[in-house]
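Topology and contacts: notes
Each chain is listed here by its residues.
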Amino acid sequence: MEKDPSQNRNGKDPSGGKKPKNNMLVALVITVVVVLLISSLYNTISKSRYQEADYNDFLEAKENGQLAEVEIQSDRLIYMTKEEAEKPAGQQKAFFTGLPQGGDTMALAAELAAQGVVVNRLIVEDNSAIMMLLSYALMLGAVFLLMNMLTRRLGDGAMGGFGKSTAKVYMEKQTGVTFKDVAGQDEAKESLQEIIDFLHDPGKYTEIGAKLPKGALLVGSPGTGKTLLAKAVAGEANVPFFSMSGSDFVEMFVGMGASRVRDLFKEAAKVAPCIIFIDEIDAVGRSRDNRMGSNTEQEQTLNQLLNEIDGFESTKGIVCLAATNRPEILDKALLRPGRFDRRIIVDRPNLQGRLDTLKVHTRKIKLSDDVDLKKLAQATAGAVGADLANLVNEAALRAVRKGRKMVNQEDLLVSFETVIAGTEKKNTVLTDTEKRLVAYHEVGHALVAALEKHAQPVSKITIVPHTSGALGYTMQMPEEEKYLHTNQELVTELKMLVGGRAAEQIVFGVQTTGAANDIQRATALARNMIAQYGMSEALGLMAPATVAHQYLDGQAYMDCSQETSATVDRAIRELLDRVYAQTKELLTKNRSLLDEISEYLLAKETITGDELMAYVNAADRPALEEGVQEEG
Ligand code: ADP
C-alpha cells in the first residue's frame, strides 16, 4: 500500500509534530550538563584537600623527619607533614606527588616505617564525605528526572509536553476519493454503503434505537484496494479520515503503542463524525495465544485498542475500518460482536473488474485509437488493482520515452511484460548452442499448448533474455476468466510446464538448468492436485494439505502422518513421470513441427501466437490428431 506524503498538507498532524523528540533531547542535555558540573565540583573540592607538591619537597620533608603519614599508591604518593597533622581536623591538608618510574616502593615503605612514619593510613578529615554524598544525591536526582520524563512519555501520551506520541497519524479533512475511483468491488461497496448512510445522518439510526457496527474489517490480498475503499467511504460521507498502520503502534518500548492508540482515538473524538483506518491490523491484532513466549507491547496495544473501541459511543459517529490480508491470525476478541464484527471481502478483480480498473486509471491518460483495454484485461488474469495502476503508469512512461504524445496498445502490452518478466536485457550474450536450446525449450512449451485440447492459447514466444533472469518465455492468453479447473486442464498445464524439458531431451539429449522454474511449478501443481484437490488414486478424497494464508501466497502446509506424506511424494513423482512421458511422446510425434517453429523462432527471436498457429494448422494433420491426448 502506498502512503501519499502529501496527505499531511491537507490536514494537520495531531501527533504534535517533532516536539516530543526535541523535549527528549533537552532532557538528555540537561542531565549531561548536571553530571559534568557535579563531577568538576567534586574534583575541585578534592583537589583543594590534596595539594600537588614536587617529589623533591617530599624527599626534603623525609630527610628533615617532618613526615607524619604517607600513603604509597601505584602511581603516586600522598603524604601529610607533622605540621599539618597537628592542625585541627577539617583544616588539615595533604600533599600528593608522582612516584618516580621504577622506584622501589617496598624499600621506601621500610625506610619510612623505620623513621616512625605511619605508612598507608592517611585520613584527611574534612567535609568531602558530605560533599560526595551531596553530589551523589544530585546525580541521582538528575537520573530520576530523566526517568520520570521517559515514563511520563511512555505511560500517558496526553500528559505534559513530553507525553505526545510521535506516531504518524495522517488526518485528511477530505480524502477527495469517492466510489467512482474504486473500480469493481461492488459487494464491498454495498456493505460499506450502510456506514456512509450512518455517517451522513446518525439520527435516522439512533431514532429507532439501532446501533451501527463500530468497526468493519476489510480483508483481501495486497493491492486489491482496501485503503482506497476506506478513503472512498470517508470521501462519500464527507468526513475526516484518520489513518495509521498497525506496525506504527508496535514500538520497542512497552506502553508506547497503547499511548498511540489513546492519542488516535482522542484526536478522532474531537472531530467526529470521522473514519479511523488502521492498515495491516494483524501487526497489533495478532492472536495472543498462539505464539511462543509473549510480546507484552503488542498485547498492551491490543488491549488498549479493544478498550477504545468499546469505549466510544457509536452514536458519536466514529467508524473504525481496518485492513488485513491475514484474517486467520487475528485475535478472537477483536472480531467479537460490537468490535470488528463485519468482514468485507475485497476480492481480486475479475475480467470486468480489471477492465473497469484499467478504465479508471486511463481516465487521465491520452490513449491512441488502437488501444484495446479488454484484451489487456484478458491478459492480466490474477492481477490486482495496484498491478494494473502500475502497468498503466509504466505504459505512459514508455510512451514518453519513445517521444510519443499518446499511449498505444504496444506500450500497454510491453509494460505488462515488464511487470511480469522485467525489462529486456540487451547485453546478455548467449552462445549459438544456448540460443538453440532456449528456442527449442520455449517451442516445446508452446507446441504442447497448441496441440493440447484443454490448453489456453499462446499469445507470444520470445527468446530475448529478460532482467528477471528468464532467457525466454511463452505467454498464454486465456480466452475467458476461469474459476474452476478440471483435472484434464490441470494435467494439460503440467504437460505445458514439462514441455520445455521434454524438447531439450528429445532434440539435444541433455537436461539444462533452464527448466528449474518449470519443474518447481509443475511439482507444486502436482502436489496441490494430490494433496488438496483430491485428484489422485493414491489418496482419493483425502486432503492432507491446508491453505495457510489464503490472501497472501496461498501456500499450503501438510497436516498428516509421515506415511501419508511419503505417499503424497510418491504420487507426485508418478504423476509427473506419466505426464512427462506423454509430453515426450507428443513432441516426438510432432518433431518436424518442433524443428520448423524453433528455426523460425531462432531467426525472428519473438513470434506471436498467430504465427505459431499458422505453422501448426498448416502441418500435416494426422500427427496432430494423434497428438491430442485425453487424460482420464
Ligand atoms: P491495499 O490497501 O489493498 O493493499 P491499496 O488500496 O493501497 O491496496 O491500492 C493501491 C493502489 O492500487 C491504489 O492507490 C489504486 O491506485 C490501485 N487500486 C487498487 N484497487 C483498485 C480499484 N478497485 N480501483 C481502482 N484502483 C485500484
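Everything that follows concerns the structure shown earlier in this document.
Now for a quick tour of the structure. What you are looking at is a predicted structure, and each value in this text was computed from that prediction instead of being measured.

Let's shift gears to the overall build of the protein chain. Check the secondary structure of the protein chain and you find 25 helices and 16 strands. Per-residue burial over the protein chain gives 43% buried out of 632 residues. Nonlocal contacts in the protein chain, meaning residues at least 24 apart in sequence, comprise 74% of its contacts between residues at least 6 apart. Taken as a whole, the protein chain presents about 33000 Å² of accessible surface, with 53% of it coming from carbon and sulfur.

A few words on the sheet that holds strand β16 (residues 606-608). Taking strand neighbours across the sheet as the criterion, the three strands line up as β13-β12-β16 in an open arrangement whose pairing is antiparallel. Looking at strand neighbours, the two that pair on one side only are β13 (473-476) and β16, the edges of this open sheet. Neighbouring strand axes in the sheet, compared pairwise and without regard to direction, differ in orientation by 10° on average. With four bridges connecting them, strand β12 (residues 458-462) and β13 associate as antiparallel partners. Paired with Thr462 across the two strands is Tyr473, which belongs to β13.

Along the chain, Gly65 turns up in the loop between α3 (55-63) and β2 (67-72). Counting along the chain gives 17 residues from Gly65 to Lys82, while the straight-line C-alpha distance between them is 8.8 Å. Those residues in contact with Gly65 that lie beyond four places of it in its chain are Lys82 and Gln115.

What follows deals with the sheet that holds strand β1 (residues 50-52). Read across the open sheet, the five strands follow the order β1-β4-β3-β2-β5; overall the sheet is mixed. On the outer flanks of this sheet lie β1 and β5 (118-119), each paired with one strand and no other. The sheet contacts of helix α5 (residues 105-114) involve β2, β3 (76-81) and β5, and relative to β2 the element is tilted by about 160°.

All chains considered together, the criterion is met by 21 salt bridges. As a salt-bridge pair, Arg342 and Glu194 come within 2.8 Å of each other at their nearest N and O atoms. Of this pair, Arg342 sits in strand β11 (residues 342-345) while Glu194 sits in helix α7 (residues 186-200), placing them 148 residues apart in sequence. In this structure Glu194 comes out as partly exposed when scored by relative accessible area, which is 31%.

For strand β4 (residues 94-98), a buried count of four out of five residues is recorded, marking the element as mostly surrounded by other parts of the structure. Sheet topology note: the β1/β4 ladder contains three bridges and is parallel. Directly across from Tyr50, in β4, lies its bridge partner Ala94.

Right, let's talk about a negative patch on the surface for a bit. A cluster of acidic side chains, namely Glu52, Asp54, Asp57 and Glu60, defines a negative patch on the protein surface. Its location among the elements puts Asp57 in helix α3. Overall, the relative accessible area of 37% leaves Asp57 in the partly exposed class.

This part takes up the layout of surface pockets. The calculated volume of the second largest pocket comes to roughly 580 Å³. Around the second largest pocket, the lining is made up of 24 residues, and of these Ser459, Lys460, Met477, Thr608 and Gly609 lie nearest the centre. Looking at the lining of the second largest pocket, the elements with two or more residues in it are α16 (373-379), α18 (409-421), α19 (432-451), β12, β16 and α24 (609-618). Split into classes, the residues belonging to the lining of the second largest pocket amount to twelve nonpolar, six polar and six charged.

What follows concerns the packing of α19 against α24. Contact geometry of α19 with α24 gives a least axis separation of 11 Å together with a crossing angle of 60°. Crossing of α19 against α24: the hand is right-handed. Together, Ala446, Leu447, Ala450 and Leu451 of α19 and Leu612, Met613 and Val616 of α24 make up the contact between the two elements. For the contact of α19 with α24, the class distribution of residues is seven nonpolar, no polar and no charged.

A separate point is the packing of aromatic side chains. Centre distance and the angle of the planes are the two values used to describe a pair of aromatic rings. Under the counting rule described, the total for this entry stands at six aromatic pairs. Ring centres of Tyr79 and Phe95 lie 5.5 Å apart, and the angle between their planes is 25°; this geometry places the pair in the stacked category. Placement of Tyr79 in strand β3 and of Phe95 in strand β4 is noted, with a sequence separation of 16 residues between them. Among the aromatic residues, ring-to-ring pairing joins Tyr55, Phe58, Tyr79 and Phe95 into one connected group.

On inspection of all chains with the given rule, the structure shows zero disulfides. Here Cys320 stays free of any disulfide, with the sulfur of Cys274 as its closest cysteine sulfur at 9.2 Å.

Once that is clear, we can look at the side chain of Asn590. Its place among the elements puts Asn590 in the loop between α22 (562-589) and α23 (591-604). Within the local environment of Asn590, its side chain forms a polar contact with the backbone oxygen of Leu586, the two atoms lying 2.8 Å apart.

Okay, the pairing of strand β10 (residues 318-324) next. Side chains on a regular strand alternate between the two faces of the sheet. With seven of seven residues buried, β10 is to be regarded as a mostly interior element. Alternating positions in β10 separate into two faces, Ile318, Cys320, Ala322 and Thr324 on one and Val319, Leu321 and Ala323 on the other, with burial throughout. Here five bridges tie strand β7 (residues 215-219) to β10, and the two strands are oriented parallel to one another. Bridge pairing links Gly215 to Cys320 in β10.

Another point: unusual backbone geometry. In this model, Gln185 sits at a positive phi of 55°, which is unusual for a non-glycine residue. Of note, Gln185 is situated in the loop between β6 (170-172) and α7. The phi dihedral of Asn238 falls on the positive side, at around 60°, and the residue is not glycine. Relative to the helices and strands, Asn238 resides in the loop between α9 (226-237) and β8 (241-245).

Rules and cut-offs
- Residues numbered from 1 in each chain as written.
- Predicted model: local features only at pLDDT ≥ 70, side-chain atom pairs only at ≥ 80, totals over all residues.
- Heavy atoms only, no water.
- Helix = DSSP H or I, 4+ residues; strand = E, 2+ residues; numbered from the N terminus.
- Buried < 20%, exposed > 50% of the residue type's maximum accessible area, 1.4 Å probe, protein only.
- Contact = heavy atoms within 4.5 Å.
- Areas by Shrake-Rupley, 256 points an atom, 1.4 Å probe, with all protein chains shown as cover.
- Pairing = 2+ DSSP bridges.
- Axes fitted to C-alpha atoms, helices over the stretch in contact; angles between N-to-C directions.
- Salt bridge = Lys/Arg side-chain N within 4 Å of Asp/Glu carboxyl O.
- Patch = residues over 30% accessible without salt bridge, like charges linked within 9 Å, V, L, I, M, F, W, Y side chains within 5 Å.
- Lys, Arg positive; Asp, Glu negative; His and termini not counted.
- Charge placed at Lys NZ, Arg CZ, Asp CG, Glu CD.
- 1 Å grid on protein atoms, 1.4 Å probe; cavity = no way out; pocket = protein on both sides within 12 Å on 5 of 7 lines; lining within 4 Å.
- Points joined across faces, edges and corners; volume = space filled by probe spheres on them.
- Nonpolar A, V, L, I, M, F, W, Y, C, P; charged D, E, K, R; others polar.
- Left-handed = near helix turned anticlockwise from the far one by under 90°.
- Phe/Tyr/Trp six-rings, centres within 6.5 Å; stacked < 30°, edge-to-face > 60°.
- Disulfide = S-S within 2.5 Å.
- Polar contact = N/O pair within 3.5 Å; in protein donor to acceptor, adjacent residues only side chain to side chain.

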